[in-house]
Amino acid sequence: MSKTADDLIYEAASILGKNVAGESLGNVEYQTISAEVDNTIATISNIVYLDKNDIPDRLFSAVSDIVASFAAAKFSQQKPDPASIEVLENRLRYLVAPERTRKTLAIDPGLSPYRRNYYGGYRG
């Protein structure tokens, strides 16, 4: 399943406390968060490509946190905190990183310290 930009707007609004259960968002809040959705998708485009109407479920929470962070700065008329944005982007990078193969590398036998007929300088 995937989520749409409208789901992302309402999720970010609920993170910010702007969404009241059973009511729709006001026009100002909706437009502000909608603009930040576009801004966020443009900002994270170097990390992962997202279509704003087809956001995968495994990335939805991380993207909604980033949208909420940008929208909170917009509502308070401040610049977004770069440290908190970087932490959220690192979480997104972790989620889109390829899985580890869990293969171990073989060591060249010639580099092993335990070789036959190796003289270490000790005669006992």
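Along every chain, residues carry numbers that run from 1 in the direction the sequence is written. Only residues with pLDDT of at least 70 are given local features in this predicted model, and only at 80 or more are side-chain atom pairs given and counted; all residues enter the totals for whole chains, interfaces and linings. Excluding hydrogens and water, the side-chain figures rest on all heavy atoms present in the structure.

### Details of the packing of aromatic side chains
(1) Moving on: Each Phe, Tyr or Trp ring (for Trp, its six-membered ring) is paired with any other whose centre lies within 6.5 Å, and the angle between the two planes then decides the class: stacked below 30 degrees, edge-to-face above 60, tilted in between. By the definition in use, this model includes one aromatic pair.
(2) Moving on: Positioned above the aromatic ring of F60, the side-chain terminus of K3 is 5.4 Å from the ring centre.
(3) Moving on: Over a ring means this: the NZ of a Lys or the CZ of an Arg is within 6 Å of the ring centre and within 35 degrees of the ring normal. The ring of F75 carries K18 above its face, with NZ or CZ at 4.4 Å from the centroid.

### Let's talk about the nonpolar core
(1) Moving on: Counting 26 residues, the largest nonpolar core has L8, I33, V37, I44, V63, V67 and L92 as its most contacted members.
(2) Moving on: Numbered from the N terminus, helices here are DSSP runs of H or I no shorter than four residues, and strands are runs of E no shorter than two. The set of elements that each furnish at least two residues to this core consists of α1 (5–16), α2 (27–43), α3 (57–75) and α4 (82–96).
(3) Moving on: Take this core: its biggest share by element is nine residues, from α3.
(4) Moving on: Here a residue-residue contact requires only that any non-hydrogen atoms of the pair lie within 4.5 Å. For V63, the residues in contact, after removing those within four places along its chain, are L8, I44, L50 and L92. Here, nonpolar core refers to any group of buried Ala, Val, Leu, Ile, Met, Phe, Trp, Tyr and Cys residues whose side-chain atoms link them within 4.5 Å. Using a 1.4 Å probe on the protein chains alone, a residue whose accessible area is under 20% of its type maximum counts as buried, one over 50% counts as exposed, and one in between counts as partly exposed.

### Structural notes on the pattern of salt bridges
(1) Moving on: For this document, the term salt bridge refers to a Lys or Arg side-chain nitrogen within 4 Å of an Asp or Glu carboxyl oxygen. In the structure shown here, the tally under the stated rule is two salt bridges.
(2) Moving on: Between K52 and D38 there is a salt bridge; the shortest N-O distance is 3.1 Å. Placement of K52 in the loop between α2 and β2 (55–56) and of D38 in helix α2 is noted, with a sequence separation of 14 residues between them.
(3) Moving on: On the basis of relative accessible area, K52 is assigned to the partly exposed category, the value being 33%.
(4) Moving on: When its relative accessible area of 37% is taken as the criterion, D38 is described as partly exposed.
(5) Moving on: We note a salt bridge from D65 to R91, for which the minimum N-O separation is 2.6 Å. Of the two residues, D65 sits in helix α3 while R91 sits in helix α4, which places them 26 residues apart along the sequence.

### Focus: the packing of α2 against α3
(1) Moving on: Between N-to-C directions, angles span 0 to 180 degrees; the directions come from axes that are lines fitted to C-alpha atoms, helices contributing only their stretch in contact. For the pair α2 and α3, interaxial distance at closest approach is 9 Å and the crossing angle is 125°. One finds that α2 runs oblique with respect to α3. Crossing geometry of α2 relative to α3 is assigned as right-handed. Taken together, the residues of α3 that come into contact with α2 (itself represented by E29, T32, I33, E36, V37, N39, T40 and T43) are I66, V67, F70, A71, K74 and F75. By the definition adopted for this analysis, an angle is roughly parallel if under 35 degrees, roughly antiparallel if over 145, roughly perpendicular if from 65 to 115, and oblique otherwise. Throughout, a crossing is termed right-handed when the near helix is turned clockwise from the far one, and left-handed when it is turned anticlockwise from it by less than a right angle.

### What to know about the side chain of S64
(1) Moving on: Topologically, S64 is positioned in helix α3.
(2) Moving on: The buried category is assigned to S64, whose relative accessible area is 1%.
(3) Moving on: Not counting chain neighbours up to four residues away, the residues in contact with S64 comprise L8, E11, A12 and I15.

### Focus: α3
(1) Moving on: Look at α3: 27 Å from first C-alpha to last across 19 residues, which is about the 27 Å you get at 1.5 Å a residue.
(2) Moving on: Taken together, the buried positions of α3 are occupied by L59, F60, A62, V63, S64, I66, V67, A68, S69, F70, A71 and A73.
(3) Moving on: Contacts from the buried residues of α3 go to β1 (2–3), α1, α2, β2 and α4.
(4) Moving on: In the segment just after α3, Q77 is the residue with positive phi, at about 55°. Helix span, expected: 1.5 Å multiplied by one less than the number of residues in the helix.

### Observations concerning the packing of α3 against α4
(1) Moving on: Two numbers describe how α3 lies on α4: the axes approach to 10 Å, and their chain directions differ by 165°. Put simply, α3 runs roughly antiparallel to α4. Considering only the axes of α3 and α4, their crossing is left-handed. Side by side, α3 and α4 meet where R58, L59, S61, A62, V63, D65, I66, S69 and F70 of the first sit next to S84, I85, L88, E89, R91, L92, L95 and V96 of the second.

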